[in-house]
Amino acid sequence: MNDRINYMTQDEVKRFFARITDKRDRALFDVIYKYGLRVSEATLVMLQDVDLERGKIYIRRVKNGIGGEKPILRDTKRLLRAYLEVRRPTGSALFTGRQGDLTDKRIAQLFKVYARKARLEPKFSVHSLRHSIATHLLEAGERVDFVKDHLGHVNIQNTMIYARITDRRRQGAFQRMERAAEIVKTS
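Cut-offs and rules
- Residues numbered from 1 in each chain as written.
- Predicted model: local features only at pLDDT ≥ 70, side-chain atom pairs only at ≥ 80, totals over all residues.
- Heavy atoms only, no water.
- Helix = DSSP H or I, 4+ residues; strand = E, 2+ residues; numbered from the N terminus.
- Buried < 20%, exposed > 50% of the residue type's maximum accessible area, 1.4 Å probe, protein only.
- Contact = heavy atoms within 4.5 Å.
- Phe/Tyr/Trp six-rings, centres within 6.5 Å; stacked < 30°, edge-to-face > 60°.
- Arc of directions from axis to C-beta.
- Salt bridge = Lys/Arg side-chain N within 4 Å of Asp/Glu carboxyl O.
- Pairing = 2+ DSSP bridges.
- Axes fitted to C-alpha atoms, helices over the stretch in contact; angles between N-to-C directions.
- Left-handed = near helix turned anticlockwise from the far one by under 90°.
- Nonpolar A, V, L, I, M, F, W, Y, C, P; charged D, E, K, R; others polar.

Draft legend 1. Highlighting the overall build of the protein. Of the regular secondary structure elements, the protein holds 9 helices and 5 strands. Going from N to C terminus, the protein has its helices and strands arranged as α-α-α-β-β-β-α-β-β-α-α-α-α-α. Referenced to the eigenvectors of the C-alpha coordinate spread, the extents of the protein come out at roughly 70 × 35 × 30 Å. Here the protein holds 187 residues, and the buried ones make up 44% of them. A fraction of 59% describes how many contacts in the protein between residues 6 or more apart in sequence connect residues 24 or more apart.

Draft legend 2. Region of interest: the packing of aromatic side chains. Counted under the stated rule, the structure contains 8 aromatic pairs. Taking the centre distance of 6.3 Å and the plane angle of 90° together, the rings of Phe16 and Tyr114 count as edge-to-face. Taken together, the residues Phe16 in helix 1 (residues 10-18) and Tyr114 in helix 5 (residues 104-117) connect sequence positions 98 residues apart. Within the aromatic cluster, the residues linked to one another by ring pairs are Phe16, Phe17, Phe29, Tyr33, Phe111 and Tyr114.

Draft legend 3. Spatial organisation of helix 7 (residues 144-151). Among the residues of helix 7, Val147, His150 and Leu151 are the ones counted as buried. Down the axis, helix 7 shows its buried residues gathered within 90° of arc, on one side only. Of the residues one or two after helix 7, Gly152 is the one with positive phi, at around 80°.

Draft legend 4. Inspection of the pattern of salt bridges at higher detail. Enumeration according to the criterion identifies 13 salt bridges in this entry. Measuring nitrogen to oxygen at the nearest pair gives 4.0 Å for the salt bridge that ties Glu41 to Arg130. Of this pair, Glu41 sits in helix 3 (residues 39-43) while Arg130 is found in helix 6 (residues 126-139), placing the two residues 89 residues apart along the sequence. With relative accessibility at 0%, the residue Glu41 sits in the buried group. For Arg130, a relative accessible area of 1% puts it in the buried group. Note that Asp149 is salt-bridged to Lys70, the shortest N-O span being 3.5 Å. One end of the pair, Asp149, is in helix 7; the other, Lys70, is in strand 3 (residues 68-71), with 79 residues separating them in the sequence. A relative accessible area of 42% means that Asp149 is categorised as partly exposed.

Draft legend 5. Representation of unusual backbone geometry in the model. A positive phi angle is found at Lys63, which is not glycine, with a value near 55°. Note that Lys63 resides in the loop between strand 2 (56-59) and strand 3. Residue Lys63 is classed as exposed on the basis of its relative accessible area, which comes to 68%.

Draft legend 6. Just the sheet that holds strand 1 (residues 50-51), in detail. With respect to topology, 3 strands assemble into an open sheet ordered 1-2-3, the strand pairing being antiparallel. Looking at which strands have only one partner, the edges of the open sheet turn out to be strand 1 and strand 3. Bridging between strand 1 and strand 2 involves 2 bridges; their strand directions are antiparallel. Bridge assignment links Val50 to a residue of strand 2, and that residue is Ile57.

Draft legend 7. Structural detail: the packing of helix 2 (residues 23-34) against helix 4 (residues 74-86). Between helix 2 and helix 4, the least distance of the axes is 8 Å, while the angle of their chain directions is 145°. Classified by chirality, the crossing of helix 4 by helix 2 is left-handed. From helix 2, Lys23, Arg24, Arg26, Ala27, Asp30, Val31 and Lys34 reach across to helix 4, where they touch Asp75, Thr76, Leu79, Leu80, Ala82, Tyr83 and Val86. Its residues placed into classes, the contact of helix 2 with helix 4 shows 7 nonpolar, 1 polar and 6 charged.

Here you go:
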């Protein structure tokens, strides 16, 4: 396994979210996970980038990534609605705190607090949520070209690091192989 890819299992992601009761933080980390955002990309989402009526969110990417308008998932829409009812109007970003727009550093601190409460390994960071959604999408059977688009990658090679075969995907592939009429039965 590539050591650069610190992704959380589905159970670890569930445990992480189970520890978040704050409406802002729940919406924040949901958007980071579901849209595969880097922490700096989460700070770039402005209030006007969210259109709940149309069900769209505009994502800006860094590192020359490809951003654009994406559909808002139902669960995300529900979390954003709940958060927007209590959002502090202290900045122009979607996610704000007492002193203005949330910073990369503050988001990283919040992640560590919830990760500790969930008893996750210290190796995980906010970026682990990006790695996790990429891995989980592939485990769910999504194609690597969709994951490339979802993460905003320009080059498919950047996405291929997630396409390594996980035990779950390998087991499924072997089960399909056993059932496939195209594979010659040799015994």
